[in-house]
Amino acid sequence: MNPSDSPKQQHPRSIKSFVLRQGHMTPAQQRAIDENWPRFGLDFQTAPLDLNTAFGRAAPKILEIGFGMGAATAEIARRLPEKDFLAIDVHGPGVGNLCKLIAEQGIANIRVMRHDAVEVVETMLAEGSLAGIHIFFPDPWHKKRHHKRRLIQPPFVAKLLPKLQSGGYIHLATDWEEYAAQMLDVLNSFPELQNTAENYAPTPAYRPETKFEARGKRLGHGVWDLVFTKR
Ligand SMILES: C[S@@+](CC[C@H](N)C(=O)[O-])C[C@H]1O[C@@H](n2cnc3c(N)ncnc32)[C@H](O)[C@@H]1O
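The rules behind these values
Here the residue index of a chain counts from 1 through its sequence in written order. Restriction of local features to residues with pLDDT of at least 70 applies here, the model being predicted, together with a cutoff of 80 or more for giving and counting side-chain atom pairs; totals for whole chains, interfaces and linings are based on all residues. Side-chain measures here rest on the full set of heavy atoms in the structure, leaving out hydrogens and waters. UniProt positions are given in the numbering used here, feature names are shortened, and annotations may be inferred rather than shown by experiment. Each axis is a line fitted through C-alpha atoms, taken for helices only over the stretch in contact, and angles between the N-to-C directions span 0 to 180 degrees. To qualify as a helix, a DSSP run of H or I must reach at least 4 residues; to qualify as a strand, a run of E must reach at least 2; elements of each kind are numbered from the N terminus. Less than a right angle of anticlockwise turn of the near helix away from the far helix marks a crossing as left-handed, whereas a clockwise turn marks it as right-handed. By the convention used here, residues are in contact when the closest approach between their heavy atoms is within 4.5 Å. Just so you know the grouping, Ala, Val, Leu, Ile, Met, Phe, Trp, Tyr, Cys and Pro go in nonpolar, Asp, Glu, Lys and Arg go in charged, and all remaining residues, Gly too, go in polar. As used in this structure description, the phrase polar contact means that two N or O atoms lie within 3.5 Å; if the pair is within protein, one of them must be able to donate a hydrogen and the other to accept it, and residues adjacent in sequence are counted only when both atoms belong to side chains. Only protein chains enter the accessibility calculation, which uses a 1.4 Å probe. A residue is then buried if its area is under 20% of the maximum for its type, exposed if over 50%, and partly exposed in between. Two strands qualify as a pair provided DSSP detects at least 2 bridges between them. For a crossover, the right-handed case is the one in which the path from the first strand over the helix to the second runs clockwise, viewed with the strands pointing away from the viewer. Buried residues of nine kinds, namely Ala, Val, Leu, Ile, Met, Phe, Trp, Tyr and Cys, make up a nonpolar core once their side-chain atoms join them within 4.5 Å. For this description, a residue counts as near a given molecule or strand if any of its non-hydrogen atoms is within 4 Å of it. Residue exposure ignores everything except the shown protein chains as possible cover, and the areas themselves are Shrake-Rupley values with a 1.4 Å probe.

As named in an unreviewed UniProt entry, the chain is tRNA (guanine-N(7)-)-methyltransferase, taken from Eikenella glucosivorans. The record held by UniProt for the chain lists under Pathway (unreviewed entry) the comment "tRNA modification; N(7)-methylguanine-tRNA biosynthesis." Word for word, the UniProt comment on the chain under Sequence similarities (unreviewed entry) is "Belongs to the class I-like SAM-binding methyltransferase superfamily. TrmB family."

*Asks:* Explain the packing of helix H4 (residues 71-79) against helix H5 (residues 92-105) here, please?
*Replies:* Each packed pair of helices is defined by two parameters, the angle between the axes and the distance between the axes. Between H4 and H5, the least distance of the axes is 9 Å, while the angle of their chain directions is 35°. Between H4 and H5 the crossing geometry is right-handed. Facing H4, whose interface residues are Ala71, Thr73, Ala74 and Arg78, H5 presents Leu98, Leu101 and Gln105. Here the residues of the contact of H4 with H5 are counted per class, giving four nonpolar, two polar and one charged.

*Asks:* Help me out: how do you make sense of the side chain of Thr174 in this one?
*Replies:* Within the element layout of this structure, Thr174 appears in strand E6 (residues 164-174). In terms of polar contacts, Thr174 uses its side chain to reach the backbone amide nitrogen of Trp176, at 3.1 Å. Ignoring any residue separated from it by four or fewer positions in sequence, one finds Thr174 in contact with Phe137, Tyr179, Ala180, Met183, Gly222, Val223 and Trp224.

*Asks:* I keep staring at the pairing of strand E3 (residues 84-89) and nothing clicks. Help me out?
*Replies:* Looking along a regular strand, one sees the side chains alternate between the two faces of the sheet. Among the six residues of E3, six are classified as buried, and the element is accordingly described as predominantly covered. The two faces of E3 match: Asp84, Leu86 and Ile88 on one face and Phe85, Ala87 and Asp89 on the other face are all buried. Sheet topology note: the strand E2 (residues 61-65)/E3 ladder contains five bridges and is parallel. Opposite Leu63, over in E3, you have Leu86 as the bridge partner. Regarding topology, H4 serves as the crossover connection from E2 to the parallel E3, and that connection is right-handed. Of the strand pairs in this sheet, E3 and strand E4 (residues 110-114) are connected by five bridges, and their pairing is parallel. Bridge assignment links Ala87 to a residue of E4, and that residue is Val112. Traced from E3 through H5 to E4, the parallel crossover comes out right-handed.

*Asks:* Sorry if this is basic, but what is going on with the nonpolar core here?
*Replies:* Nonpolar side chains tend toward joint burial in soluble globular proteins. By size, the foremost hydrophobic cluster in this structure holds 37 residues, and its most contacted members are Leu63, Leu86, Ile152 and Leu160. Beyond its immediate sequence surroundings of up to four residues, Leu86 is in contact with Leu42, Leu51, Phe55, Ile62, Leu63, Glu64, Arg111, Met113 and Leu125. If you look at the next biggest cluster of nonpolar residues, it comprises 27 residues, including Ile62, Phe67, Ile76 and Phe136.

*Asks:* What is the right way to look at H4 in this model?
*Replies:* Since the α-helix advances by 3.6 residues per turn, residues separated by three or four positions end up pointing in the same direction. Regarding H4, the residues found buried are Ala72, Thr73, Ala74, Ile76 and Ala77. Buried-residue contacts for H4 involve E2, E3, H5, E4 and strand E5 (130-136).

*Asks:* Would you mind going over the site of the ligand with me for this structure?
*Replies:* With respect to spatial proximity, 18 residues lie near the ligand, and among them Ser17, Gly66, Asp89, Phe136 and Thr210 are the closest. One of the backbone nitrogen or oxygen atoms of Ala117 is found 2.8 Å away from a nitrogen atom of the ligand. Measuring from an oxygen atom of the ligand, one finds a backbone N or O atom of Phe212 at 2.9 Å. Taken by itself the ligand offers 600 Å² of open surface, and the protein chains cover 94% of this. The residue makeup of the shell around the ligand, split by class, is seven nonpolar, six polar and five charged.

*Asks:* Hey, could you run me through the environment of His147 in this one?
*Replies:* Secondary-structure assignment places His147 in the loop between E5 and helix H7 (154-160). Since its relative accessible area comes to 17%, His147 is described here as buried. Those residues in contact with His147, other than ones at most four positions away along the chain, are Trp141, His142, Gln153 and Glu178.

*Asks:* Is there a simple way to explain the side chain of Gln29 in this structure?
*Replies:* Tracing the backbone through its elements, the reader meets Gln29 in helix H2 (residues 27-40). Not counting chain neighbours up to four residues away, the residues in contact with Gln29 comprise His24, Met69, Pro93, Gly96, Asn97 and Lys100.

*Asks:* Would you take a moment to explain the UniProt feature "binding site: S-adenosyl-L-methionine" (unreviewed entry) in the chain for this structure?
*Replies:* Annotation from UniProt places "binding site: S-adenosyl-L-methionine" (unreviewed entry) at Glu64, Asp89, Asp116 and Asp139. Considering the C-alpha atoms alone, the annotated residues occupy 76 residues of sequence yet fold into one spot, their largest mutual distance being 14.1 Å. Relative to the elements of secondary structure, Glu64 occurs in strand E2. Glu64 gets classed as buried once you look at its relative accessible area, which sits at 4%. Setting aside residues up to four positions removed in sequence, Glu64 forms contacts with Thr73, Leu86, Ala87, Ile88, His134 and Phe136. A distance of 2.6 Å separates the side chain of Glu64 from the side chain of Thr73, its partner in a polar contact. Locating Asp139 in the fold gives a position in the loop between E5 and H7. Beyond its immediate stretch of four places on either side in the chain, Asp139 contacts Ser17, Arg150 and Tyr179.

Okay, here's the thing in structure tokens:
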């Protein structure tokens, strides 16, 4: 067989930071998507997106990667009405749930995407288009052989940072101490980033407890926030 015919060569399998869980979409979640997607859902595209057009106004844009079931995202958007939130996850029921919360609560400053955020960052976001980045409790991938799946690693952060404006911030949180230390090392390795704290930061007032965080606390885990700004 000609090597170029090999499926592996044609479709190099990149390492993903998630495994698509089946998960059950409730009828109400599905309805929230069906009825509202044209209003606040955004589809993946291979060209840069004009965020002000997508939100219908010029306001600071915050990217959130991995919103889970979206309750904290909805709460933050309500607490910070002067900012716009681009919320991305791959998990269907979570996308449905966030759409439901947005519709029920009449939230105007969230747009939802169901796609791999790594690809969105690579292809859809213009340089300097973000005022902030939230990544709360990214999958910790506990086992050493799975660490390569962790989102917070130098190559991804290197792709992310050009999208952030000077003066913008990146806010990470985790309940897994060893991943927290990795996050600190990774962010510290970028000279354009400045830690707002000596090491870990106090949880900013806008961040409520997330679902994954509550689960971690029930298991006896600690919580570590990191907030860095871009010079
Ligand atoms: C551990 S959960 C945390 C959810 C939420 N932030 C919380 O604290 O409750 C991580 C979430 O990130 C999502 N995720 C992981 N990798 C992703 C990626 N590359 N693009 C979009 N979402 C991703 C997963 O689907 C999952 O919902």
